[in-house]
Amino acid sequence: MQRICLTIFLPIIAIVFHIAGSRIAVAVEPQETDASNLRVPWTTSNIFGSPDPPLPYRTEQIYADLQFKQPVEMVIYPDDDLNCIIEREGKIYLFPQNGLQQRTEFFDGQQEIAGLTAVYGIAFHPDFAENRICYVCYILEPGNPKGTRVSRFHVTDTDPPRIDADSETILLEWISGGHNGGSLKFGPDGYLYISTGDGSPPSPPDIHDTGQNIGDLLASILRIDVNSRSGDNEYGIPNDNPFVDTTSARPEVWAYGFRNPWRMSFDRNTGELWLGDVGWQLWEMVYRVERGGNYGWSIMEGPQVVRPNAQPGPTSILPPIKAHPRSEAASMTGGFVYRGKRFEDLQGAYIYGDYVTGKIWSIRHDGNEITEHRELVDTPFAIIAFYEFPDGELALMDYNTGTIHQLVPNDQASVDPQSFPRKLSETGLFSSVADHVPAAGVVPFAINTAQWADHATAERFVAIPGTDTIRLMRPRERVPLEWGQFPPNTVLVKTISLEMERGNPQSRRRLETQILHNREVTWRGNSGEWFGYSYIWNEDQTDAELAPAGGADLKLSVADADEPGGVRKQTWHVSGRSECYLCHNPWAGYR
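Residues numbered from 1 in each chain as written. Predicted model: local features only at pLDDT ≥ 70, side-chain atom pairs only at ≥ 80, totals over all residues. Heavy atoms only, no water.

A. Summary view of the state of the cysteines. Applying the stated rule across the entire model yields 0 disulfides. Cys134 forms no disulfide, and the closest cysteine sulfur to it belongs to Cys84, at a distance of 7.8 Å. Under the relative-accessibility criterion, Cys134 is labelled buried at 0%. (Disulfide = S-S within 2.5 Å. Buried < 20%, exposed > 50% of the residue type's maximum accessible area, 1.4 Å probe, protein only.)

B. Examining the pattern of salt bridges more closely. Under the criterion given, the structure shown has 30 salt bridges. Glu284 serves as the salt-bridge partner of Arg326, at 2.9 Å between the closest nitrogen and oxygen. Of this pair, Arg326 sits in the loop between strand S21 (322-325) and strand S22 (332-337) while Glu284 is found in strand S18 (residues 283-289), placing the two residues 42 residues apart along the sequence. A salt bridge links Arg502 to Asp560; the nearest nitrogen and oxygen atoms lie 3.2 Å apart. Of this pair, Arg502 sits in the loop between strand S35 (491-499) and strand S36 (508-521) while Asp560 sits in the loop between strand S39 (552-559) and strand S40 (567-574), and the two are 58 residues apart along the sequence. The exposure class assigned to Asp560 is buried, which follows from its relative accessible area of 3%. (Salt bridge = Lys/Arg side-chain N within 4 Å of Asp/Glu carboxyl O. Helix = DSSP H or I, 4+ residues; strand = E, 2+ residues; numbered from the N terminus.)

C. Layout of the packing of aromatic side chains. Summed over the entire model, instances satisfying the criterion amount to 28 aromatic pairs. Ring plane angle 85° and centroid distance 5.9 Å describe the contact between Tyr193 and Trp254, whose orientation is recorded as edge-to-face. Placement of Tyr193 in strand S13 (residues 192-195) and of Trp254 in strand S15 (residues 253-256) is noted, with a sequence separation of 61 residues between them. Each of the two residues, Tyr193 as well as Trp254, counts as buried. (Phe/Tyr/Trp six-rings, centres within 6.5 Å; stacked < 30°, edge-to-face > 60°.)

D. Molecular detail of the pairing of S22. In terms of burial, S22 is a largely internal element, 6 of the 6 residues being buried. With 4 bridges connecting them, S22 and strand S23 (residues 350-354) associate as antiparallel partners. Bridge pairing in S23 links Thr333 to Gly353. (Pairing = 2+ DSSP bridges.)

E. The pairing of S23, seen in detail. Counting buried residues in S23 gives 5 out of 5 residues, a clear majority hidden from the surface. What you see with S23 is no split at all: Tyr350, Tyr352 and Asp354 on one side and Ile351 and Gly353 on the other are buried throughout. Judged from the 4 bridges that link them, S23 and strand S24 (residues 359-365) form a sheet pairing that is antiparallel. Note that in S24 the partner of Gly353 across the bridge is Ile360. The turn joining S23 and S24, which pair antiparallel and follow one another in sequence, is formed by 4 residues; a positive phi near 75° is taken by Gly358.

F. Main features of the confidence of the model for the protein chain. Of the residues in the protein chain, 88% reach a pLDDT of 70 or more, and the chain-wide mean stands at 88. Segment residues 1-33 is flagged for pLDDT under 50; beyond a separation of four residues in sequence, or across chains, it makes 78 contacts in the model. The low-confidence segment residues 523-527, where pLDDT is below 50, has 18 contacts with residues more than four positions distant or belonging to other chains. (pLDDT = per-residue confidence, 0-100. Contact = heavy atoms within 4.5 Å.)

G. Quick peek at the sheet that holds S18. One open sheet accounts for 4 strands, arranged S16-S17-S18-S21; its pairing is antiparallel. Either end of the sheet is taken by a strand with one partner, and the two such strands are strand S16 (261-266) and S21. Across the sheet, the mean angle from the axis of one strand to that of its neighbour is 15°, orientation sign disregarded. The sheet contact formed by strand S17 (residues 273-277) and S18 spans 5 bridges and is antiparallel. Opposite Leu273, over in S18, you have Val289 as the bridge partner. (Axes fitted to C-alpha atoms, helices over the stretch in contact; angles between N-to-C directions.)

H. Examining the nonpolar core more closely. In this structure, Phe106, Ile122, Ile163 and Ile404 are the most contacted members of the largest nonpolar core, which totals 49 residues. For this core, the element with the most residues is strand S8 (residues 118-124), which contributes 5 residues. Beyond its immediate stretch of four places on either side in the chain, Ile404 contacts Glu60, Gln61, Ile62, Tyr63, Phe68, Met74, Ile85, Phe95, Ala395, Leu396 and Met397. (Core = buried A, V, L, I, M, F, W, Y, C linked by side-chain atoms within 4.5 Å.)

I. Molecular detail of the sheet that holds strand S27 (residues 394-398). Taken together, 4 strands build an open sheet; the order of strands is S3-S28-S27-S26 and the sheet is antiparallel. In this open sheet, the two edge strands, each paired with only one partner strand, are strand S3 (57-62) and strand S26 (383-388). Each strand of the sheet is rotated relative to its neighbour by a mean of 40°, with strand direction disregarded.

J. The side chain of Arg577, seen in detail. In this structure, Arg577 sits in helix H3 (residues 577-583). At 3.1 Å, the side chain of Arg577 and the backbone oxygen of Ala547 are in polar contact. Once residues within four sequence positions are removed from consideration, Arg577 is found in contact with Pro51, Asp52, Gly532, Tyr533, Leu546, Ala547, Pro548 and Ala549. (Polar contact = N/O pair within 3.5 Å; in protein donor to acceptor, adjacent residues only side chain to side chain.)

K. View of the side chain of Ser167. Of note, Ser167 is situated in strand S11 (residues 163-174). Under the relative-accessibility criterion, Ser167 is labelled buried at 16%. Within the local environment of Ser167, its side chain forms a polar contact with the backbone nitrogen of His154, the two atoms lying 2.8 Å apart. Excluding its chain neighbours within four sequence positions, the residues that come into contact with Ser167 are Arg152, Phe153 and His154.

L. Just the environment of Asn504, in detail. Within the fold, Asn504 resides in the loop between S35 and S36. Overall, the relative accessible area of 25% leaves Asn504 in the partly exposed class. Considered as a pair, Asn504 and Ala559 are 55 residues apart in the sequence and their alpha carbons are 9.8 Å apart.

What follows is the structure in structure tokens.
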């Protein structure tokens, strides 16, 4: 049997393959080696295409000549048919909606405001043509009690226009942390709505105990009147705000109980307020926000109880319109209700996506229940924000590449999903599945240090079609983190086993075989991506079935003398396809 010894050092990757003392078909920069004669070619692969049917949309890039550094939001500049786009580190640019001219700098936050580390949101006054006022949400250093700010600025009447940093008037401040919110939107009522996060890091949850506390500005949607003043404030409080008469409440609070509401928008037809809220451990949420609404955090994370003994707020907890499990999403990005004309099937549907998995969905809700929910496209993008054109058409931004994209119908033919192997024995990876003997050309390898996997162990293989070779390289850029070039339909394999009697290797049972498949996906606007699938082994250990798209949980009983009663009850989670993508994605180099 061929045997590979694989050695990996991070962050610099050095891989050495040995077969009977000889190097095999791998070229590592800067060396070029044609060693295709040193290994048996893999010719039995049946792993092509996808087991899932094609989705109705794909994406295409617009503004092909423009690229931005970590964009976080794009809005309409209310003059001269311009777009306004924010880069996270503080630069804001203007560029024509028709894309025929280059961008011009509108603001350089780090140069013009001391201590500024990031800009998250911008909104232009409804009467901007007359008063030339805009509002900006920016961040100072993390942990600053007044490190998240919403300020008013004047815009110069020059060509090109610029934000006048000297005109700043601070309106609101709250603690800066991992969750700052920072979305600014004027509602159809003319008031300014502001999203705020809980100011906490990813874990532990809600360190400031603020989710249900309406006595501060955190974890809320705020609503203020920028055309009036109240007391010492540079803004007024609308009389119909829900908590203006509640003792100890901040009267700015319109709704509360959010963890990190990331991007909100108003339906231009109905005025309804929608947003995406970033979850904690298990769920990602979509909300349609009501006056005085309590959305649960941190007593709840969508449908999951987090802190049941926390003091609840003054109003009842409302459920999300939609809660996505972590098998589908990991960082929700709110979008817009579609009011364009290009796609009749999307009219009136809320379009939103996920930063980590790159998926985009549409949803309809009649006020009582979901009437339609569809996955529209599975992109390779870190979807940081959506954008609504003046005509109601939508675009999205990729945080990593700094590019802007739109939906287009997916009219390209796809490989019949039924042709994708549903059993491990159909993949061509093993000459004997029951004996776990790899097919000719499928080469075992080992790693220096394996991660702990809940008592399980793993066997690993690499399968390269034909006599093609892998080319490895040192990562040069953080994004994208390219570390190698792999032939199409290369497959990495890992079979995971568990001793059913602890300490007895003969009792080892195979649980699942995971594969990472490198395939070209031109309908997603790119090629050479990795997709993860799992096959679940049967009780007889003779074959394995393709796991459901959403994954599965295996209930196990393991004989273990150290456990009460001599049995350890264990649940082994087989990841869904989207869960694989949480780690094996473009911005992590698919590692």
